[in-house]
Amino acid sequence: MPDKAARKERIVVGLSGGIDSMVSAYLLKIQRYDLIGVTIAPQLDDYPKEQSSILSCGISEKKLESLAAFCHSLGIPHYIVRIPSQFKDAVVERWVARKAAGEMPDQCWECHALRMEFLHGKMKELGGKHLATGHFAKIFRHDAEALTYVQTSNDEGNDQSALLSRLPQEILKDLMLPLSDLQKKEVLKLAENFGAVETEKLLTPFHCFPENPDTIEYLEKKLPARFRKEGVVVTESEERMDDHEGVHHFRKGAQITVTDDRVPLLFVRYITADRKMIIGPASFFERSRIVLRSCQIPPETPWLTPFRGVLVKEGKQFEAWFYPKSLNSCVVEFDSPVSVMEGETLSVLKKKGKNARVLLSGCACFIDEEKPEGDGNVKVDYARDF
């Protein structure tokens, strides 16, 4: 429990509309902090229909009203920060560009960073001492080095430390995580005890814009005509299979067809110049080596010599060697092949399990051991090329 001095410190709690952030607010309220609720609403100002049909994590007007009522029941103020133009520039435009190129979308990372930036800004505007959120993660402050580390939570299945690890130190140093020692089942039990039980919509990361008719319709209005043209579907051996109606209708990794012996063929690559969709078996994504590019590297991460670490993908952990290179990239060599999607953002931990420090995160890129015929079949030289 905070002492009298701490209770005078104003805490801004981010309320996303989910159970986790609501329980965080409850826990802080019963500790008698000076609390203010803030909701960031990244809505679309150019979509006339119900936005929940394409924004699975969006906040409707009805949800905003319920959050205001929730804050009223706690006896705390509630502020709504609407950011349609910023959301469009930082998230939607990037999503449109990646879809047009047939790449893996990464809107969750950009959207999270945007929301946290505005939450932190609102905290400072309201004179807050700390920013509280409902993330499942832990933070450790090293006072001597004036650094804040992000670590995994007690709930490996719902851990969100990777998202937080990409935030700047300016935000991390002010962060407060009331759920850091809890698991999801405990949070749900607390919500039940507090009387805050409601049907919580389960969200799948990176499916905020699902491949449904509403999303396709919205996407086609955003895309220039040259990116909405039909193309061909071919196998890795250039065998023509079918035509496609535009790459924006598909998601990398999705099943496109099956072979005569019922082996699924997935969308594995897209050649923009020829509008050619390459399909192949799931084994295409099994990789022994990849490159992580555009890495976000916390100050405390060793970056001069190779190191052992654990790569996290969809909650699963894989041990590997990491070889730091220039331009914030590193070569990753797995102990055994791992299924990885090119273009997805992955995080790296210092060890397996709970309370593990997040060392870095980056965008996965494949290494072609040999260049296509006609380029001399030049082998990759890791020391030279990276």
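The sections below set out a description of the structure shown in this document. (Residues numbered from 1 in each chain as written. Predicted model: local features only at pLDDT ≥ 70, side-chain atom pairs only at ≥ 80, totals over all residues. Heavy atoms only, no water.)

## Side note on the sheet that holds strand β18 (residues 358–366)
Here is step 1: Within the closed barrel, the six strands sit side by side as β13-β16-β15-β14-β17-β18. Their pairing is antiparallel. Each neighbouring strand pair of the sheet contributes to a mean axis angle of 45°, computed without reference to strand direction. (Pairing = 2+ DSSP bridges. Helix = DSSP H or I, 4+ residues; strand = E, 2+ residues; numbered from the N terminus. Axes fitted to C-alpha atoms, helices over the stretch in contact; angles between N-to-C directions.)

## Observations concerning the nonpolar core
Here is step 1: If you look at the biggest cluster of nonpolar residues, it comprises 41 residues, and the most contacted ones within it are Val38, Leu44, Phe87 and Val92.
Here is step 2: Where this core is concerned, the elements lending two or more residues are β2 (34–41), α4 (84–100), α5 (107–125), α7 (169–172), α9 (213–222) and β14 (307–313).
Here is step 3: Ranked by residue count, the leading element in this core is α4, at six residues.
Here is step 4: Within the second largest apolar cluster, 27 residues are counted, among which are Ile290, Cys295, Ala320 and Val340. (Core = buried A, V, L, I, M, F, W, Y, C linked by side-chain atoms within 4.5 Å. Buried < 20%, exposed > 50% of the residue type's maximum accessible area, 1.4 Å probe, protein only.)

## Looking at the side chain of Ser165
Here is step 1: Considering the arrangement of structural elements, one finds Ser165 in helix α6 (residues 161–165).
Here is step 2: Look at Ser165 and you get buried, because its relative accessible area is 10%.
Here is step 3: A distance of 2.7 Å separates a polar side-chain atom of Ser165 from the backbone oxygen of Ala162.
Here is step 4: Setting aside residues up to four positions removed in sequence, Ser165 forms contacts with Val150, Val358 and Ser361. (Polar contact = N/O pair within 3.5 Å; in protein donor to acceptor, adjacent residues only side chain to side chain. Contact = heavy atoms within 4.5 Å.)

## Remarks on α5
Here is step 1: Here α5 is 19 residues long and its end C-alpha atoms lie 27 Å apart, about the 27 Å a rise of 1.5 Å per residue gives.
Here is step 2: All of the buried residues in α5 are Gln107, Trp109, Cys111, His112, Leu114, Arg115, Met116, Leu119, His120, Lys122 and Met123. (Expected span 1.5 Å × (residues − 1).)

## Points about unusual backbone geometry
Here is step 1: You will see that Glu238, though not glycine, has its phi angle at about 70°, which is positive.
Here is step 2: On the secondary structure map, Glu238 appears in the loop between β8 (231–235) and β9 (240–244).
Here is step 3: Under the relative-accessibility criterion, Glu238 is labelled partly exposed at 48%.
Here is step 4: At Arg262, a position not held by glycine, the phi torsion is positive, near 70°.
Here is step 5: Inspection of the secondary structure assignment puts Arg262 in the loop between β10 (255–258) and β11 (264–271).
Here is step 6: Given a relative accessible area of 64%, Arg262 falls into the exposed group.

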